Amino acid sequence: MHGGSLVRTVRLVSGLILMAFVTCHLANLAIGMQSLAEMEAWREVLTAPWTRSKPVFFLLATAALVHATLGLYAIASRRSLALSTTDVVQLVLGLFTPPLLIAHVIALYMSIRVSPGFADSYGQIQAVYWSFAPSYAFLQLFVVVVVWMHAAIGLYSWLVLKPVWRRIGGFVLPVLFAVPILALLGFAQSGQEVLNRLAADPAWRAAILENVGNIAKATRELGNLQSNAILTWAGLVAVAFGILAARILRARMMPVQVDYDGGIRAMGRHGLSVLEISLLNDVPHAHVCSGRGRCGTCRVRVEAGAPSLSAIDEQERSTLERVGAAGGERLACQARVLGAGVAVTRLLPAFADATAAQAPDEWSAGAAKETA
Amino acid sequence: MVRRRREGNGVNEQSMAEWSAVVLATAKARFVALGADLAQAPTEAQRAYESVYAALMTGTGVRAATYIAILLFVGIAVEWLYWMYAYSPLRAAMAMPMLTPAAALRVGLRRLFLSLSGLLLFTAAAIGVSAAFAWPPHVHELIIAATLLLLVLRLSWISVSVIIAPGRPRLRLRLVPVAQPQARWLAAALMAALALLALGRFLPPVLQDGVAQASHVASALRFIAYSLAMLILFVSAFAFFGGRDVRADVPRAPLFPRSFPLALLVAAVYAVWLMNDRAAAVAAIAAVVIALQIGLRPIVYFYWREDDGALPAIVLSLSRFVVALVGIGAAAVALDTPLATLAEDVGPWVRVGLRLLGVAVLALLAHGVWIAIRSVVDQRLKRIGPIDPHEPPDASSRLLTLLPLLRVTAAVMLLVMLVLCALWALGIEITPLLAGAGVLGIALGFGAQALVRDVIAGIFFLADDAFRVGEYIEGSGNTKGTVERITLRSVALRHHNGPLHFVPYGALGSVRNTSRDWVIDKFNLPLPIEVESETIRKMLKKIGEDMKADPVLGPMTMEPLKGKLYRIDPGVKIFRCKFRCPPGKQFDLRAGALKRIEAALKKMDVQFADGRQTILLQNPA
């Protein structure tokens, strides 16, 4: 699993790039609370650089492509459906994101292509959303909720494990929710402004109407393009889940067994990690980062059967080092059971939270005291 | 008088007939209206959809949707912040070892509290922020209805997941006796029914009043949602409660299956709803109360299966009481009847009914207190067990005398208080009764002075622990014997010759209890004057040591036999012997000691002092 940590890092970085873009975009919308003109002015600073400059645009497009692909790869390379509620929410939101974004981006791109007079200015787009084709506006609202929640969960579950979260957490979390709320307020405010201008400025209205007429002619082509893209995505998702199902079915025939402290015994499939076996069997087991190998809260002391566990990879080694683990300790989320069975002792209480990742010393001391 | 009553009956019969005619007519009208609603619903739904869509696809619609998205973000943000702190306690609660259902109940309550707090924060934040926006017409009602719908749905899910806990069977979080494969289906059925009920409750008003103006659709939707919910509940009653008791390991006589009354309840509520909307709420509440009353016993005994004490009985009667009270309160809320005015404005029958309800509440309370006292007393008595007359009486024999006394006293007091309170609650003036009782009490009091003195004295004897059942006591006035029975007024003493004295405590006077801790027995040993006192002392000491080592006498001996020269009379040396032993053993010990002394003296060739005295007559001659 040497590729695992690299894949995760790439996925994280691409996600962060995308999130930076979305944040700029939403911040720009939020300025709409001031006025439409301000919004246009700030556009040059906040949104335009992402699309005008070729390398940046290339980076953004690559990040989107990579993030989506790696997301599917993550599904396909899962070994079980042992997921926390947060993970399920993030996964579902993530699956919804590409089709929604495709609709948004393709619509905009096509509009500019078929109607060269349609400058991609906020005024014109807002006029379309608020007056001529409100169904697009509903789509946009949905996109904002879905994309931002997906991003927020991702950013939070990455940052909360860092020691630095203790200092910046109180600042980051409000910002995390203020951004979309302010953006939506700006959206509503500037929409009202556009509606007022449409009523007061017939020339502007006529110009937009002409563009809208042009775009309407291309609606069919647009629809085809969108449905093709969405179908492709659906096919890819189906393939990813198919691979997951095939793996689960194939491994079903090879049962393994894990013995825990406290005389608990659980059965699982060959190739599952110890943590996955815990979760599938309702064995209380701390896992703050949901099995990404980052937090170290799931670590166990291997009492017997160490050779039947998968080898320690780079990510696990660094996490174990960071939390100050002793020899013979493993991360339950990374150690996969490949032999007949193992016996492990859970080292942290099941209710360990993110502080156990931020300051592992405090929790290790507590756990040591408990065992003593 | 007779005539009037007959008239009254006639009026009642007539009004009864009228009433049923009215009910049937209303029901018929409702059915006709419902049929019309169902027939017109599809076309109206088409129209309503178009008008709603048209209203939505404007700037106003977009603004409303934007605000909804903001509400969603605010609600999620607040709840997110909450769960940042609450998630660890939740996990900690769920990771506790759930060895007994009672432990699971505690954990369940904690889960309920944590989840409910999060839900409340979400709802409060969303509704609170919604007040800050200027909504387009009709939208704010829609938002509040949607938030309430969400609240009810999440509330249902929290309750179902805490009580039935369909997932994670190995954590043993379940609070009701339901087997695993059934639990998932039961949870799904309940959730579906609750969701349908919530939908039928919150959506139709919005459809009726808002942009849609679709009253037929609203009515049809309500009908379909409620019917489906009732169907689900009806089927669930048979699917989940038709089988045998979950505790199949306990052989039990076959009972009337619970599924029938439950299904009947569902059907009855549905029938009432078909006829009358307002009555349906009350009927539903009554049905839930009855269903809970049916289900309470197995649920309560699910928690206290191991205890055979009266605790489950108390819990059961208390929870029955609470369920009934909550049901009455809910019914009052459903009828929009302020309880305060209820007592004033309504006819005499309702008033009587309310008062009877008050009496029932009092009776239930008294019953609960009585069960509590009785169970405590009975459990103590059971633990003490019957007194063994051959054993020395210990502290428990006092409890054995006091506890039944306490039980009877408590019963009498509770009964008297209950009767007085019930009379008072029924509106019967009890002051004259109390005054009369007071006068009578004074009269009786003079007559029963001795009786009162006996009772009070008895309480203090018992409080002082002066005697217990099985002890030998002597009172003043030559009353002595073994305590056989202690009653409220007197103590029964069995004299060692057989007669039984009944001594009132007042006449007992100072008590000499000879059965406490230890006794010292002393006896004299007259020997001829020639014996050497030191030899005898050593011999007695030796006998004492022998007796201490004896397997029968040894355990009785607390301080072994000793003896020493006590007095010298003319021709006689009197040795005084003594030993200490538990009460009642002195006779056996003394007999043993004398036997050994006699044998030892014979061996030493020493005679007991004979009574002969040598009188030397001086010859006057």
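Residues numbered from 1 in each chain as written. Chains lettered and ligands numbered in written order. Predicted model: local features only at pLDDT ≥ 70, side-chain atom pairs only at ≥ 80, totals over all residues. Heavy atoms only, no water.

Digging into the overall build of chain A
Tallying secondary structure elements over chain A gives 14 helices and five strands in all. Summarising its shape, the C-alpha atoms of chain A cover approximately 80 × 45 × 35 Å along the three principal directions. Each of the 372 residues in chain A was classed as buried or not, and the buried ones make up 48%. By sequence separation, contacts in chain A at least 24 residues apart represent 73% of the contacts at least 6 residues apart. Total accessible area computed for chain A in this model is approximately 17,400 Å², and 67% of it derives from carbon and sulfur atoms. Of the charged side chains in chain A, 30 are positive and 23 negative, and the gap between their average positions amounts to 6 Å. (Helix = DSSP H or I, 4+ residues; strand = E, 2+ residues; numbered from the N terminus. Buried < 20%, exposed > 50% of the residue type's maximum accessible area, 1.4 Å probe, protein only. Contact = heavy atoms within 4.5 Å. Areas by Shrake-Rupley, 256 points an atom, 1.4 Å probe, with all protein chains shown as cover. Lys, Arg positive; Asp, Glu negative; His and termini not counted. Charge placed at Lys NZ, Arg CZ, Asp CG, Glu CD.)

A word on the overall build of chain B
Secondary structure assignment for chain B yields 17 helices and eight strands. When each of the 621 residues of chain B is scored for burial, the buried share is 34%. Once local pairs closer than 6 in sequence are excluded, the contacts in chain B between residues at least 24 apart make up 65%. Roughly 36,900 Å² of accessible area belongs to chain B as shown, and the carbon and sulfur atoms make up 67% of that amount.

Points about the interface of chain B and chain A
The interface is formed by 29 residues belonging to chain B together with 34 residues belonging to chain A. Summing both partners gives a buried area of about 2,700 Å² for chain B against chain A, and 77% of it is carried by carbon and sulfur. Among the residues chain B hides against chain A, the three largest losses belong to B:Phe73, B:Trp80 and B:Arg91. Together they make up 27% of the total. Linking chain B with chain A are zero salt bridges. Applying the counting criterion to the chain B and chain A interface returns four residue pairs in polar contact (both at pLDDT 80 or more). (Buried area = accessible area lost by both parts, 1.4 Å probe. Salt bridge = Lys/Arg side-chain N within 4 Å of Asp/Glu carboxyl O. Polar contact = N/O pair within 3.5 Å; in protein donor to acceptor, adjacent residues only side chain to side chain.)

Side note on the pairing of strand β8 (residues 572-581) of chain B
Residues and elements named next belong to chain B. A large share of β8 lies buried, amounting to eight of its ten residues. Across ten bridges, the pairing between strand β6 (residues 519-528) and β8 is antiparallel. Within β8, the position partnered with Ile520 by the bridge is Arg580. One ladder, built from eight bridges, connects strand β7 (residues 559-569) with β8; its direction is antiparallel. (Pairing = 2+ DSSP bridges.)

A look at the sheet that holds strand β4 (residues 329-331) of chain A
All names here are of chain A. One open sheet accounts for five strands, arranged β2-β1-β5-β3-β4; its pairing is mixed. The sheet is open, and its two borders are formed by β2 (265-269) and β4, each paired with just one other strand. Neighbour-to-neighbour, the strand axes of the sheet open up by a mean angle of 40°, direction not taken into account. (Axes fitted to C-alpha atoms, helices over the stretch in contact; angles between N-to-C directions.)

With respect to the packing of helix α5 (residues 85-114) of chain A against helix α7 (residues 134-159) of chain A
All names here are of chain A. As a packed pair, α5 and α7 sit with axes 8 Å apart at the nearest point and diverge in direction by 140°. Compared by their axis directions, α5 and α7 come out oblique. Between α5 and α7 lies a crossing of left-handed hand. On α7, the residues touching Thr86, Val89, Gln90, Leu93, Gly94, Phe96, Thr97, Leu100, Leu101, Ala103, His104 and Ala107 of α5 are Tyr136, Leu139, Gln140, Phe142, Val143, Val146, Val147, Met149, His150, Ile153 and Gly154. Looking at the contact of α5 with α7 residue by residue, the class counts come to 15 nonpolar, eight polar and no charged. (Parallel < 35°, antiparallel > 145°, perpendicular 65-115°, else oblique. Left-handed = near helix turned anticlockwise from the far one by under 90°. Nonpolar A, V, L, I, M, F, W, Y, C, P; charged D, E, K, R; others polar.)

Remarks on the side chain of A:Arg330
All names here are of chain A. Relative to the assigned elements, Arg330 resides in strand β4. A polar contact of 2.8 Å, which involves the side chain of Arg330, links it to the backbone oxygen of Ser310. One polar contact links Arg330 to Glu316, side chain to side chain, over a distance of 2.7 Å. What Arg330 contacts, discounting residues up to four positions off in sequence, is Arg299, Val300, Val302, Leu309, Ser310, Ala311, Ile312, Glu316, Leu320 and Ala335.

A word on the sheet that holds β6(B)
Residue and element names in this part refer to chain B. Spatially, three strands are ordered β6-β8-β7 in an open sheet, and the strand pairing comes out antiparallel. At either end of the open sheet lies a strand with only one pairing partner, and these are β6 and β7. Strand-to-strand twist across the sheet, computed as the mean angle between neighbouring axes with direction ignored, equals 20°. Sheet strands touched by helix α16 (residues 533-549): β6, β7 and β8. Its angle to β7, the strand with the most contacts, is close to 160°. The strands touched by helix α17 (residues 586-604) within the sheet are β6, β7 and β8, with β6 carrying the most contacts at an inclination of about 20°.

A closer look at a nonpolar patch on the surface
Residues and elements named next belong to chain B. A contiguous nonpolar surface patch, about 840 Å² in accessible area, is contributed by Leu38, Ile224, Leu228, Leu231, Phe234, Val235, Phe238, Phe256 and Phe260. Top contributing element to the nonpolar patch by residue count: helix α6 (residues 215-241), with six residues. Relative to the helices and strands, Phe256 resides in the loop between α6 and α7 (259-275). (Patch = residues over 30% accessible without salt bridge, like charges linked within 9 Å, V, L, I, M, F, W, Y side chains within 5 Å.)

A word on unusual backbone geometry
Residues and elements named next belong to chain B. We note that Ala165 has phi near 45°; this positive angle belongs to a residue other than glycine. Tracing the chain through its elements places Ala165 in the loop between α4 (139-163) and α5 (180-209). In this structure, Asp517 takes a positive phi of about 65° despite not being glycine. You can see Asp517 is positioned in the loop between β5 (512-513) and β6.

A few points about the pattern of salt bridges
Enumeration over the complete set of coordinates arrives at 21 salt bridges over all chains. Its salt-bridge partner being A:Glu329, residue A:Arg299 comes within 3.6 Å of it at the nearest N-O pair. Highlighted residues: A:Arg299 in strand β3 (residues 299-304) and A:Glu329 in strand β4, separated in sequence by 30 residues. By relative accessible area, A:Glu329 is classed as buried at 13%. One connected set of salt bridges, linked through shared partners, spans B:Asp465, B:Arg468, B:Glu471 and B:Arg516.

What about the packing of helix α8 (residues 165-200) of chain A against helix α9 (residues 202-217) of chain A?
Residues and elements named next belong to chain A. Orientation of α8 relative to α9, taken along the N-to-C sense of each, is 105°, at an axis distance of 6 Å. The orientation of α8 relative to α9 falls into the category roughly perpendicular. Facing α8, whose interface residues are Val194, Arg197, Leu198 and Ala200, α9 presents Pro202, Trp204, Arg205 and Ile208.

Considering the packing of aromatic side chains
What the rule picks out here adds up to 19 aromatic pairs over all chains. A ring pair is formed by B:Phe461 and B:Phe467, whose centres lie 5.5 Å apart and whose planes are at 40°; its orientation type is tilted. Assigned by exposure class, B:Phe461 and B:Phe467 land together as buried. An aromatic cluster of three or more residues is present, and its members are A:Tyr156, A:Trp165, A:Phe177 and B:Trp80. For A:Arg43, the ring lying beneath its charged end belongs to A:Tyr122, and the centroid distance is 5.9 Å. (Phe/Tyr/Trp six-rings, centres within 6.5 Å; stacked < 30°, edge-to-face > 60°. Lys NZ or Arg CZ within 6 Å of the ring centre and 35° of its normal.)

Quick notes on the domain arrangement of chain A
Often, the extent of an interface is quoted as the loss of accessible area upon association of its parts. Residues and elements named next belong to chain A. Segmenting chain A into domains produces domain 1 (2-249) and domain 2 (255-371). Distance from the C-alpha centre of domain 1 to the C-alpha centre of domain 2: 37 Å. Each partner contributes to the roughly 1,900 Å² buried at the junction of domain 1 and domain 2, and carbon and sulfur atoms together form 48% of this total. Where domain 1 meets domain 2, there are two salt bridges. (Domains from an automatic or database assignment.)

As for the domain arrangement of chain B
Each domain of chain B was delimited in the assignment, giving domain 1 (364-446), domain 2 (455-513) and domain 3 (519-604). Measuring from the centre of the C-alpha atoms in domain 2 of chain B to the corresponding centre in domain 3 of chain B gives 34 Å.

Description of the side chain of B:Asp465
Relative to the elements of secondary structure, B:Asp465 occurs in the loop between α14 (449-464) and β1 (472-474). A polar atom in the side chain of B:Asp465 sits 2.6 Å from the side chain of B:Arg468.

Quick notes on a positive patch on the surface
Residues and elements named next belong to chain B. A cluster of basic residues, Lys522, Lys541, Lys562, Lys564 and Lys578, forms a positive patch at the surface. Note that Lys564 resides in strand β7. The class of Lys564 is exposed, set by a relative accessible area of 58%.

Thoughts on α9(A)
For α9(A), spanning 16 residues, the distance from its first C-alpha to its last is 23 Å, which sits close to the expected 22 Å at 1.5 Å a residue. In this structure, the buried residues of α9(A) make contact with α5, α6 (122-132), α8 and α10 (219-251) of chain A. (Expected span 1.5 Å × (residues − 1).)

Section: the pairing of strand β3 (residues 490-494) of chain B
Residue and element names in this part refer to chain B. With respect to burial, β3 is a largely interior element, four of its five residues being buried. Looking at chain direction, strand β2 (residues 480-486) and β3 are connected through four bridges and run antiparallel. The residue bridging Arg485 from the neighbouring strand is Ala492, located in β3. Linking β2 to β3, which pair antiparallel, is a turn of three residues. Between β3 and the antiparallel strand that follows it, strand β4 (residues 500-504), lie five residues; Gly498 among them carries a positive phi value of about 120°.

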